[in-house]
Number of protein chains: 2
Amino acid sequence: MLEKYINAAAKRSKADIVLKNARFVNTLTGKIQAGDIAICGDRIVGIGSYEGQREYDMSGLTVLPGFIDSHVHIESSMLSPEEYAALVVPRGTTSVIADPHEITNVCGMDGVEYIYKASQSVPLDVHIQLPSCVPATPFETSGAILSGDDIAVGICRSEVFGLGEFMNFPGVIGADGDVIKKLEAAHRAGKIIDGHAPCVTGDDLNAYLCGGISTDHECATPEEMEVKADAGVYVQLRHSSSIHDIAANCKAVNGGNMRRFLMCTDDRHAADLRTKGHIDDALRTVVAAGLDPVWAVTIATLNAAQCYNLKWRGAIAPFYFADLAVVDDLQHFNVRYVFKNGVLVAQSGKPLFDTSNRYLPQSVLNTVHISELKPEDFVLKLKGQRARVMTLVPGTVLTGCEVMNVRSANGDVVPENDVLKLAVVERHKYTGNIGKGLLKGYGFKGGALGITVAHDSHNIIILGDDNAAMAKAANCLRDIGGGMVIVESATGAVHSLTLDIGGLMSSRSADALIAESSALYERAYAMGTDRRLAAFMTLAFLSLAVIPHVKLLDTGLFDVDKFCFTDINAE
Amino acid sequence: MLEKYINAAAKRSKADIVLKNARFVNTLTGKIQAGDIAICGDRIVGIGSYEGQREYDMSGLTVLPGFIDSHVHIESSMLSPEEYAALVVPRGTTSVIADPHEITNVCGMDGVEYIYKASQSVPLDVHIQLPSCVPATPFETSGAILSGDDIAVGICRSEVFGLGEFMNFPGVIGADGDVIKKLEAAHRAGKIIDGHAPCVTGDDLNAYLCGGISTDHECATPEEMEVKADAGVYVQLRHSSSIHDIAANCKAVNGGNMRRFLMCTDDRHAADLRTKGHIDDALRTVVAAGLDPVWAVTIATLNAAQCYNLKWRGAIAPFYFADLAVVDDLQHFNVRYVFKNGVLVAQSGKPLFDTSNRYLPQSVLNTVHISELKPEDFVLKLKGQRARVMTLVPGTVLTGCEVMNVRSANGDVVPENDVLKLAVVERHKYTGNIGKGLLKGYGFKGGALGITVAHDSHNIIILGDDNAAMAKAANCLRDIGGGMVIVESATGAVHSLTLDIGGLMSSRSADALIAESSALYERAYAMGTDRRLAAFMTLAFLSLAVIPHVKLLDTGLFDVDKFCFTDINAE
C-alpha cells in the first residue's frame, strides 16, 4: 500500500488522478498555493507537477480539504443517513461527527446501530458519538434510558467514536454519581467527550471541563466563545436551521485562538441543506461577515481533524486522505467537485453515488405508542386568571415566560390574543402523560399542529386553539407512525407527512420529504404562523429542558434556569 | 477520580495546590493571562480565585506548560535516563520523545527496554521511539540489527510509542522492501513515525512523506523549514550541542505556519545541559533572536503535544495535566519551579527527586568485545606515498578528504605534520575488524585517544601517533567496559572515564561524569587538540557513514557521497 503511494509520488508510476493547475488552501500553513495535486488510491501523494491516469483541469477553481461537521444530529434533517449524505456530500462535506441523540431517545441502542449501519454505504465518514444524556433530564419520559452502566458498555464498542454532548451540565458540575460513571467510562476508553454548556462560565465551567469534556457548541456570544476557548474548549461555530448567530459569533476568532474553533450544524433541516447548503453555507456566511477565508476553511477542516484526532484529514499534503471540496472561489464557496478518499463522489451539486437502497430495520419503525385521544384530554383548567405563559424568541430556540391574565370558560382556557394551548403527549410507553401549557407569539389560528419530533425525548407536541383538532392531530400522528400534521378546524382537513424512522426521519427520498414538508410549512404560515419562526421546528424545541428558560415536558411545565418544575398557575 | 477534580474545581473541596497570583501563557489562545491556578491530584482543575492545601505565591513569575523535547537521543548526554532527568526536569522539561537509537545499535531491543525501564522512576514522561535504522548503513558492523520483521514485532509493544527517525531516506524514497515493511508495521499499529530527511524537497519529499512520516529535525535553513511545513511536516527547531542554527532557523516561523513547529535537542551533552540548559535555553535563544515569546512557548509545548497526541498536555487549562514550568520572565526563562503531574519536582534548578537508585541491568553492561590488541595491529602499510587523508571542518560534523604525500618507515606510516593515525576497532562481535585511516588537522601529539561512542554503530575510535599507545588505549577501553581514554606515550600514563552502559553512558552521577569528562577534554587540549574542536565528540562522528564526505568504518574508508568504500592508497 505505502509502496504504491511512494512510487506514484516519486513518479515511478502514474498517479490515479491529478487535479491539474490547482489553486488550493494549505490549512497547515495558512497559505493559498498552486500546483498539481496527485492522488493515488485514497491519498494525496504529491503536490507539484504530475501526470495521472485521469486528469481534471482546476484552472480558475480552488481546492479545499473536505469539510468536517464537528457536531450534527442527522435526525434533524428528517432524512435517513443515506439521503442526508446525498445532500451534504455534494456541498463538500466529507466527514461528520454524528450524535444520534434523537433516535436513541426513542429507540435506545437500536437507534445508534441504525445510524451507524445506514451510514456505511455512503461516501461520508460518519463518526458516531454515543448519546450521553438519554434522557436529557430525569424529569421527562423518553423512549429509552442509557444508564451509566449502559454507557460503560456502549462506549467500548468499536463503532462508537466518542461520548455525545454532555447536556446534563448541572449533573457534571454537581458530580452526580451516574454522570461520573458515564464520564469515567469514556475517559477509560480513551474516547472524546463532547460538551453542551450554554452560558456556563467561571468555576462552573472549570468543574464542567474537569469531566474531561473537549467541545462546546452552545455559546451564545463571541464573548462566551472567547472565555471558553481560553479555558481549553474547542469552540464550535454553529450553523443550524434554527439559530442564526454564526455571523456575529465568528467575531470571536482571532489569530491567537483560531486553532481552537470548529464548525458544526447541530440541527439542520433537509430543506436548508438543499436550498442553502451545509458547511459551505457556513463558510459563505462567516466570510461575508468578515472572517478571513483561509481561517474559515481551516476551522471547517484541519481544526476538527485535530480535535477529533481524524488522522491525515483536514489538509492538502502528501499522505493526507484525498477528501477534497473544489469550489469556485473563497467568497461564494460554490462546490463544483467533491472527492472522498480519492474518488469523485459529487459534481455540480449532484451526488455520484446511489442511495436508493436504504437500510431500514424494523427496530426503528412503529414508535408512536399512545392510546386514542379525545378532545377533553386537551382541557386546560387553571386555578385562577394568572398563568405562566411560554414566549418565543425568534431566531433562537430560547423560550421566555410571562405571567399574564388568561381567560377561561367552562373550566378550560380560551385560546385568544395569540395565546395557544400547548400539549406534550408522551408517546413511547402508553403512560397517558400529557403536559399542558400555553404559548404566546406563535401566530397560528383555527386548528392544531402536531409533530413527533420534540427534543430531546421526542414526545408528541401539539399546539392549537381547538381541543378536537388537537386530539385529531395526535391520533393522526399515531396512525401514520410519526411525523408532522396540521388539522384545520373549519374543514376538518388533515395534512400530514410521515416520519416513519423513530417518528423523526423519513425513509423516503430527500426530494419527497422536502416537497411535503414545504407544503406543510406553507399551510402553517397560511394559517397565521409567524413567518419569522420555522413553524414545525419551533415546536420541536418547546420541550427541550436543557435550553433556557421555560419548557413544557410530558410531565409538566419546567423552569430550566432553576432546573425544576414550575406551576402554570401564577399569582 | 473525575469526581475529585470536579469537586475541587467547584470549590466543594480545597485544591491540593494553588499557584496564587499567577501570570501564565495560554498556549491555546496565545494570551498572557492572570489568575490562581488550582491543582488537584495530577491535574489543573481551575483558573480563577482558588484556595489550596498548599499555596505558592507566583507574584512576579510566569507559569508555562512543561516543556516537551520532541526528539532526543538520551544517550548523547552520556547519562543514564535517571541522571538525564535530574538535569532536564529542573530546566522545565516534563516530557521527551526519546529515540534510543545509539544504545540499540549496541544492545538491540535490550537497549530499548533499558531506556524504558530506567525512565520509570523519574518525574519525566519518556516516550520511547523504536529505532528504525539499526544499523544506519549495511556497510559497517553494529552490535545489533533490527530487520523489518523485528520492527514489525517491536512496534506493537505497549512501551513503544512510535517509530524513530527514519534516517534511511533513500530507502523510503526508493520504496525498498525492508523499509516498506517497517513503515507499514508502524502504520498498521497506528503509531507515529519520525523523520530525518536533510535537504530532501520536491518529489523526493512527497515520496518520503508518503511513507507516513510526520516530522523532520534536519532542516538546515528557514527556507527548507517553510517548504517542509507546507508539505505537512511537523518541523523541529533543533538545539543540539553540535549544531547552532536555531536562532537563524526560527525565522521560518510565522503566524500562518506556527502550529507546525516543534522544539527538540536531538543530541545534547551533560555539560551543556548543566551549564546552558535544555529547552529553556532553546527558548532564550529563539526569543533573543526575535521570535514572539508566546509563540516560542507554544512551539515548545502545545504543538508537540498535538503532534504526538499527548492528550491533555501542553496547555494550562482545566483538566490538563499539571505539568508546569514557572519562569522568571519570557526573556530569560530562568526556571524557578517545576511541577510534574501536580507534584513539585524541582525548585531553583535543583531536582526534588532522588536518582541515586538507578536501574542497571546486565544486558547493557560489558559491551566491549575485543581481543587483546598489540601495537602491530595499528601498523598502517601503504602501497606508495600518496594517501587519502580525512580532514575536519570545525563547528560541523562534516569531514573532507585530501590526497597528500605521507611518509612511511619500516612498512608503517609515520604520523607527522598534524597527520594522525585513525583506527575503527569493531567491538561488538570479536570480528577483529580494524578499519585504518589518516586524519589531518586534529592537533593532538604524543600518544592516543580512544572512545567507544562512534555514531551510529559505536565501534571503538582510536586516534594517535604511537602504535603502542593506540593498542593500550583500545585495551583500556575493553578493560573498563567502554568509555573515553587518553594514553600519554612519554609517561605511559592512562587517563580514562568509564561509560559502562553500552559503552555510551555512565551509570554514575551527572556531577561525576561532567567533572571527569571536563578533565579528560582539558588533557586532550593540553596535548595539542585544536580547541575549536569538541575533542572526543569530534572523534565520535568520524565513523558516521550518513554524514558527508569521507568516514572511516571498521570495514574500511568510506566515501559517503558515492556511498561506497574507497581506497586509502591514492595515485
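So, here is what we can say about the structure in this document. What you see is a predicted model, and the numbers here were worked out from it, not measured in a lab. Along every chain, residues carry numbers that run from 1 in the direction the sequence is written. By the order in which they are written, chains take letters starting at A while ligands take numbers starting at 1. Confidence filtering applies because this is a predicted model: local features only for residues at pLDDT of at least 70, side-chain atom pairs given and counted only at 80 or more, and all residues used for totals across whole chains, interfaces and linings. Hydrogens and water molecules were not included; the side-chain quantities draw on all heavy atoms of the structure.

1. Details of the packing of aromatic side chains
- Pairing of aromatic rings covers Phe, Tyr and Trp, the last through its six-membered ring, and needs centres within 6.5 Å; plane angles under 30 degrees mean stacked, over 60 mean edge-to-face, and all others mean tilted. Under the criterion given, the structure shown has 30 aromatic pairs over all chains.
- Residues F139 of chain B and F563 of chain B carry aromatic rings whose centres are separated by 5.4 Å and whose planes lie at 85° to one another, so their mutual orientation is edge-to-face. In this pair, F139 of chain B is assigned in the loop between β8 (125–130) and α5 (148–154) and F563 of chain B in the loop between β29 (556–559) and β30 (564–565), connecting sequence segments 424 residues apart.
- With a 1.4 Å probe rolled over the protein chains alone, any residue whose accessible area is under 20% of its type maximum counts as buried; one over 50% counts as exposed, and the rest are partly exposed. Judged by relative accessible area, F139 of chain B falls into the partly exposed class, the value being 25%.
- Between F161 of chain B and Y308 of chain B the ring centres are 6.2 Å apart and the planes differ by 40°, which places this aromatic pair in the tilted class. Of this pair, F161 of chain B sits in strand β9 (residues 160–166) while Y308 of chain B sits in the loop between α14 (302–307) and β14 (324–327), placing them 147 residues apart in sequence.
- Each member of the aromatic cluster is reached from another via a ring pair, and the members are Y5, W312, F319 and Y320 of chain A.
- Note that R43 of chain A overlies the ring of F319 of chain A, its terminal NZ or CZ placed 3.9 Å from the centroid.
- Taking the ring centre of Y234 of chain A as reference, the NZ or CZ of R260 of chain A above it sits at 3.8 Å. To qualify as a helix, a DSSP run of H or I must reach at least 4 residues; to qualify as a strand, a run of E must reach at least 2; elements of each kind are numbered from the N terminus. Think of it as a cone above the ring: NZ of Lys or CZ of Arg counts as a charge over the ring if it is within 6 Å of the ring centre and within 35 degrees of the ring normal.

2. Details of the environment of A540 of chain A
Residue and element names in this part refer to chain A.
- Along the chain, A540 falls in helix α17 (residues 535–540).
- Given a relative accessible area of 0%, A540 falls into the buried group.
- Along the sequence, A540 and A454 sit 86 residues apart, while their C-alpha atoms lie 4.1 Å from each other.

3. Topic: unusual backbone geometry
- The omega torsion across H455 of chain A and D456 of chain A is -5°, close enough to zero to call that bond cis.
- On the secondary structure map, D456 of chain A appears in the loop between β24 (447–451) and β25 (460–464).
- The omega angle of the peptide bond from P548 of chain B to H549 of chain B is 5°, so this bond is cis rather than trans.
- Examined against the element boundaries, H549 of chain B turns out to sit in the loop between α17 (535–540) and β28 (550–553).
- Even without glycine at this site, C199 of chain A takes up a positive phi of about 65°.
- By secondary structure assignment, the location of C199 of chain A is in the loop between β10 (192–195) and α8 (202–209).
- Not every positive phi belongs to a glycine, and S348 of chain A is a case in point at roughly 50°.
- Checked against the element boundaries, S348 of chain A lands in the loop between β16 (343–347) and β17 (350–351).
- Here S348 of chain A falls in the exposed class, since its relative accessible area comes to 55%.

4. A closer look at the interface of chain B and chain A
- Facing the 62 residues of chain B at the interface are 62 residues of chain A.
- Joining two parts hides part of their accessible area as seen by a 1.4 Å probe, and the buried area is that hidden amount summed over both. Taken together, the two surfaces of chain B and chain A that pack against each other cover about 4,700 Å², and 52% of this comes from carbon and sulfur.
- In terms of surface lost to chain A, no three residues of chain B exceed C210, D230 and R259 of chain B, which account for 16% of the buried area on that side.
- Every case where a carboxyl oxygen of Asp or Glu lies within 4 Å of a side-chain nitrogen of Lys or Arg is listed as a salt bridge. Taken together, chain B and chain A are joined by six salt bridges.
- A salt bridge links K31 of chain A to D230 of chain B; the shortest N-O distance between them is 2.7 Å.
- Whenever a nitrogen or oxygen atom comes within 3.5 Å of another N or O atom, the pair is scored as a polar contact, on the condition that within protein one atom can donate a hydrogen and the other can accept it, and that pairs from neighbouring residues in sequence are kept only if both atoms are in side chains. For the interface between chain B and chain A, the tally reads 32 residue pairs in polar contact (both at pLDDT 80 or more).
- For the side of chain B that touches chain A, the secondary-structure elements that each account for two or more residues are α1 (2–9), β2 (31–40), β3 (43–48), α6 (169–173), α7 (177–188), α8 (202–209), α9 (222–230) and α14 of chain B.
- Counting residues per element, the side of chain B that touches chain A draws most heavily on α1 of chain B, at six residues.
- Three classes are used, and their members are as follows: Ala, Val, Leu, Ile, Met, Phe, Trp, Tyr, Cys and Pro are nonpolar, Asp, Glu, Lys and Arg are charged, and the others, Gly among them, are polar. Residue classes in the side of chain B that touches chain A are distributed as 30 nonpolar, 20 polar and 12 charged. What makes two residues a contact is simply this: any of their non-hydrogen atoms within 4.5 Å.

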